[in-house]
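Each chain, letter by letter, is given below.
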Amino acid sequence: MAWRLHSSLRVVLSAAIFAALPLAVAAEELVAYKITNKTSIENSLTGKPGDPVNGRKVAINRKQGNCLACHALPVPEQPFHGEVGPDLSAAGSTLSEGAIRLRIVNPKAVNPDTFMPAFYRNDGFTRVAKKFQGKTILSAEQVEDVVAYLMTLKGN
Amino acid sequence: MRRGILAAALGLGLSAVLAGPAMTEQSQWGPYQVGDVRSGYTYAAGETRDMQDDDFVNPAMLWVDSGAELWETVDGAAGKSCASCHGDAAESMAEAGTKFPVYFEPSGKMMNLEQRINFCRTENMKADAFKWEGQELLRLTTFVRNQSRGKPMNVKIDGPAAPFYAKGKEFYETRRGQLDMACSSCHVDNAGNMLRANLLSQGMSNGFPTYRLKWQGVGSLHRRFRGCNKQVRAQPYDYGSEEYVNLELYLADRARSLPVEAPAVRN
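Given the structure is predicted, the values throughout are model-derived calculations rather than measurements.

## Remarks on the overall build of chain B
Helices and strands together make up the secondary structure of chain B, namely twelve helices and nine strands. A total of 267 residues make up chain B; the buried ones form 50% of that total. Once local pairs closer than 6 in sequence are excluded, the contacts in chain B between residues at least 24 apart make up 66%. Split by element, the accessible area of chain B, about 12700 Å² in all, is 54% carbon and sulfur.

Written as structure tokens, this is what we have:
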């Protein structure tokens, strides 16, 4: 069991320094979360259940989840589902909610060599484009929405 | 991923049985496959390959033809053209397309083909350097590289080039950007897999400068590097930067023995 707090001290400090300037945008602070048995995050990042309808949209959107780049999902209106990762159409019956949450937040905690990006991490990267520095791919709400969506997928 | 597992399973148990068919599959691509090394040509759609195969249809031949004109054009204070010194490009440039980047003694660094052309312009012609990714440099580079079409890629990576090769390899294997991916994540680990609508190739450099349907024009290898950096949300490097020239050296070695295809046509 390990506690992880991904907002680095540097981020916290710069946020504090800029707090006095009303127009400065503070670097994103991540919600603290706890990884259980290196396999799951039990608690919702937002403290509430996500919205599966919005989660489906986030999963499809190429600028957000873009899960279809690598996974097949039961989304017949979209052509070209990726084949790099496993088919997720039964994820909600084969995986626990906590396991799905950790996979989305930071899959490298499960498999350091994975090809799958971490959707809720904002440090430890090399040469991130300016526009995305200090940012996560998805917000905590969006992560929860995608978790809720995957939990509805029970296969055929 | 599933193909990887399948390939591993085949490799373990059935390699002897499958040796025959596997060989047949290799020769299907003729010179575009050498051992496991496959040109982007072998991943391209049939219509795209047809465009490349026919010089009368290949839109990049416009760049070759206008490059040939530039070759003969006198410019700069020395009153010379490329042809004044190099004569017939078919002879003098027959190997040039296979061997860049080369180690350049005076700078102590690697120099790629675009940089060599601009060096000849500024030093030998006393003319201004062409702008990176500007049409003149693309035309002349495409023309020069086309003189080596069909010849095997053959870059030198030993001697003084060795440390630059090592840097290029390190670049290739370093994860970057918010998506945290290395060149190798896509072009080694996932070559042959579909990434949504894109079939990932081995990311070979033997066809550059390349006409991309998406670009509706010819672009340099460094333009491709910038695109591949940006799609993982990483900050790209400048055209002609040391980082990219070293990366180019590593890629030229990865493509060793594949034929120079310039100008290739890709999606």
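## What about the interface of chain B and chain A?
At the junction of the two partners, chain B supplies 25 residues and chain A supplies 32 residues. With both sides pooled, the region where chain B packs onto chain A buries about 2600 Å², and carbon together with sulfur makes up 50% of that total. On the chain B side of the interface with chain A, the three residues burying the most area are Gln178(B), Arg196(B) and Arg233(B), jointly 35% of the side's total. Inspection of the region where chain B meets chain A yields one salt bridge. At the surface where chain B touches chain A, the tally comes to 15 residue pairs in polar contact (both at pLDDT 80 or more). Looking at the side of chain B that touches chain A, the elements that each hand over two or more residues are α1 (2-27), α10 (183-187) and β5 (194-195) of chain B. A per-class count over the side of chain B that touches chain A returns ten nonpolar, eight polar and seven charged.

## Looking at the nonpolar core
Side chains that are nonpolar tend, in soluble globular proteins, to be buried together. Core analysis: the largest hydrophobic core is formed by 40 residues, its most contacted members being Leu73(A), Ile104(A), Tyr120(A), Leu138(A), Val143(A) and Leu150(A). Those elements that place two or more of their residues in this core are β2 (33-35), α2 (52-60), α4 (97-105) and α5 (140-151) of chain A. No other element matches the six residues that α5(A) contributes to this core. Sequence-distant contacts of Leu150(A), defined by excluding residues within four places in its chain, comprise Leu73(A), Leu88(A), Ala91(A), Gly92(A) and Ile100(A). Judged by nonpolar contacts, the second largest core, of 25 residues, contains Ala161(B), Tyr237(B), Leu251(B) and Val260(B).

## Considerations on the sheet that holds strand β9 (residues 264-266) of chain B
Residues and elements named next belong to chain B. The mixed open sheet is built from three strands, whose spatial order is β8-β7-β9. For this open sheet the edge positions go to β8 (217-219) and β9, each flanked by a neighbour on one side alone. Each strand of the sheet is rotated relative to its neighbour by a mean of 35 degrees, with strand direction disregarded. The sheet contact formed by strand β7 (residues 210-212) and β8 spans three bridges and is antiparallel. What sits directly across from Arg212, in β8, is Gly217.

## Here's the deal with helix α12 (residues 242-254) of chain B
Residue and element names in this part refer to chain B. Given a rise of 1.5 Å per residue, 13 residues ought to cover 18 Å, and the 19 Å separating the end C-alpha atoms of α12 matches this to within 8%. Taking burial as the measure, the 13 residues of α12 include eleven buried ones, the bulk of the element. Among all positions of α12, only Tyr244, Val245, Asn246, Leu247, Glu248, Leu249, Tyr250, Leu251, Ala252, Asp253 and Arg254 are buried. Considering only its buried residues, α12 is in contact with β2 (37-38), β4 (109-111), α7 (113-124), α9 (162-173), α10 and α11 (221-230).

## Comments concerning the packing of α11(B) against α12(B)
All names here are of chain B. The interhelical angle for the contact between α11 and α12, taken along N-to-C directions, is 100 degrees, at an axis separation of 11 Å. One way to sum up the angle between α11 and α12 is to call them roughly perpendicular. Of the residues in α12, those touching α11 at Leu221, His222, Phe225, Arg226 and Asn229 are Tyr244, Val245, Leu247, Glu248 and Leu251. Of the residues assigned to the contact of α11 with α12, the class counts are six nonpolar, two polar and two charged.

## A look at the pattern of salt bridges
All names here are of chain B. Following the criterion strictly, the structure yields twelve salt bridges over all chains and no others. Among the ionic pairs, Arg121 bridges to Asp75, the shortest N-O distance being 2.8 Å. Of this pair, Arg121 sits in helix α7 while Asp75 sits in the loop between α3 (61-72) and α4 (82-86), placing them 46 residues apart in sequence. For Asp75, a relative accessible area of 33% gives the class partly exposed. When the shortest N-O distance is used, the salt bridge between Asp253 and Arg256 registers 2.9 Å. Under the relative-accessibility criterion, Asp253 is labelled buried at 17%. Here Arg256 falls in the partly exposed class, since its relative accessible area comes to 28%.

## Comments concerning the side chain of Thr136(A)
Residue and element names in this part refer to chain A. When you line up the elements, Thr136 lands in the loop between α4 and α5. The class for Thr136 is buried, based on a relative accessible area of 9%. A polar side-chain atom of Thr136 sits 2.7 Å from the main-chain carbonyl oxygen of Leu138.

## Considering the confidence of the model for chain B
All names here are of chain B. Summing up the model confidence of chain B, the mean pLDDT is 92 and the portion of residues at 70 or higher is 90%. Note that residues 1-24 has pLDDT below 50 and, in this model, twelve contacts with residues that lie over four places away or in other chains. This complex was scored by the predictor with a pTM of 0.90 and an ipTM of 0.84.

## Some points on the environment of Arg127(A)
Along the chain, Arg127(A) turns up in the loop between α4 and α5. A polar side-chain atom of Arg127(A) sits 2.9 Å from the main-chain carbonyl oxygen of Gln235(B). Within the local environment of Arg127(A), its side chain forms a polar contact with the side chain of Tyr237(B), the two groups lying 3.4 Å apart.

Conventions and cut-offs
- Residues numbered from 1 in each chain as written.
- Chains lettered and ligands numbered in written order.
- Predicted model: local features only at pLDDT ≥ 70, side-chain atom pairs only at ≥ 80, totals over all residues.
- Heavy atoms only, no water.
- Helix = DSSP H or I, 4+ residues; strand = E, 2+ residues; numbered from the N terminus.
- Buried < 20%, exposed > 50% of the residue type's maximum accessible area, 1.4 Å probe, protein only.
- Contact = heavy atoms within 4.5 Å.
- Areas by Shrake-Rupley, 256 points an atom, 1.4 Å probe, with all protein chains shown as cover.
- Buried area = accessible area lost by both parts, 1.4 Å probe.
- Salt bridge = Lys/Arg side-chain N within 4 Å of Asp/Glu carboxyl O.
- Polar contact = N/O pair within 3.5 Å; in protein donor to acceptor, adjacent residues only side chain to side chain.
- Nonpolar A, V, L, I, M, F, W, Y, C, P; charged D, E, K, R; others polar.
- Core = buried A, V, L, I, M, F, W, Y, C linked by side-chain atoms within 4.5 Å.
- Pairing = 2+ DSSP bridges.
- Axes fitted to C-alpha atoms, helices over the stretch in contact; angles between N-to-C directions.
- Expected span 1.5 Å × (residues − 1).
- Parallel < 35°, antiparallel > 145°, perpendicular 65-115°, else oblique.
- pLDDT = per-residue confidence, 0-100.

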